[in-house]
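Residue strings, one per chain:
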Amino acid sequence: YAANADQFDTVVMRSLGGRGAAGIRMAEAALGADITLVVWDYCLSACANGIAMGAARVIVPEPSILAWHGALPRDRFEAVLIQSDPSPRLHRLQQRLLDEYEATGERRVEDGDWDLMPAAARTVFEQRARWRARSAAVLRKRGVHPAFLAASGFAPRHAPEAARSLSIERAGSLDPVLWVPGPDQLQRWGVGHIDTWAADSEEALFSLGLAMEPQMVLTDVELQPGAFYAAAPEAN
């Protein structure tokens, strides 16, 4: 697509997602081509973070689903908070960082604290720096709140119990939970180029996800920009 983006005015897409780097390349190509994206059935994960953020306009007809999954944390602070490793030391660090953030607004993570993160998670964070910057640049050009880049990483821990329970049952973690913010919530995040419908209730969205093939765990849990940092619920 990226090599031929300027040949299309409208793109119809159905994608479960895939490689994040490919999604970002598509976002940049779509941004330059000024396209309209129409979601057919679903556009998830790298598709949502990618071409859906780069398109000039996105149309999501009912009952199609546009959902974000995974996160590209902007800094060490977000990377530590998103990490779901069960280590008690890491949990204590997360709580201390949250307390400091609430009290002072500081987001600093010292090297000694950063070393408490699993080595693989630190490596991934460092390797993705270039892609985070490119993805953030697309969001800036669309006028989207920069925290949107990481918000979907926090959505699972605030999702309803039914969604969390199913995700843990299926995968042993909250990884499969996808975030489906409705039109009002998208507007608050500055995502004004997406025209989408909204499910009548969280339960209706949950049921729609279970009816999809493959089965998905969906939530439209409310996340306010800058206010979604919180300790993970005990149920996690």
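Each residue is numbered by its place in its chain's sequence as written, counting from 1. Restriction of local features to residues with pLDDT of at least 70 applies here, the model being predicted, together with a cutoff of 80 or more for giving and counting side-chain atom pairs; totals for whole chains, interfaces and linings are based on all residues. Heavy atoms throughout the structure, all of them, feed into the side-chain values; hydrogens and water do not.

Concerning the pairing of strand β1 (residues 10-15)
Reasoning step 1: Only protein chains enter the area calculation, which uses a 1.4 Å probe; residues under 20% of their type maximum are buried, those over 50% are exposed, and those in between are partly exposed. Elements are defined by DSSP. Helices are runs of H or I of four residues or more, strands are runs of E of two residues or more, and each kind is numbered from the N terminus. By the alternation rule, side chains of β1 split into V11, M13 and S15, which are all buried, and T10, V12 and R14, of which none is buried.
Reasoning step 2: Pairing between two strands requires that DSSP report at least two bridges joining them. As judged from the five bridges shared by β1 and strand β2 (residues 36-44), these two strands associate in the parallel manner. Along β2, the bridge assignment pairs V11 with L37.
Reasoning step 3: Every crossover in which the path from the first strand over the helix to the second runs clockwise, viewed with the strands pointing away from the viewer, is termed right-handed. Each parallel crossover has a hand, and the one from β1 via helix α1 (residues 20-33) to β2 is right-handed.

With respect to unusual backbone geometry
Reasoning step 1: In this chain, E62 is followed by P63 through a cis amide linkage whose omega measures 5 degrees.
Reasoning step 2: With respect to the helices and strands, P63 occurs in the loop between β3 (57-60) and β4 (65-67).
Reasoning step 3: With an omega of 0 degrees, the peptide bond between E213 and P214 qualifies as cis.
Reasoning step 4: Counting through the fold element by element, P214 comes out in the loop between α12 (202-211) and β7 (217-219).
Reasoning step 5: Unusually for a residue other than glycine, D34 sits at a positive phi of about 60 degrees.
Reasoning step 6: On the secondary structure map, D34 appears in the loop between α1 and β2.

A closer look at the state of the cysteines
Reasoning step 1: For this text, the term disulfide refers to a pair of cysteine sulfurs within 2.5 Å. One pass over the full model with this rule turns up one disulfide.
Reasoning step 2: The residue that forms a disulfide with C43 is C47, at a sulfur-sulfur distance of 2.0 Å. Taking the torsion about the sulfur-sulfur bond, which here is approximately -105 degrees, the covalent link between C43 and C47 counts as left-handed.
Reasoning step 3: The exposure class assigned to C47 is buried, which follows from its relative accessible area of 3%.

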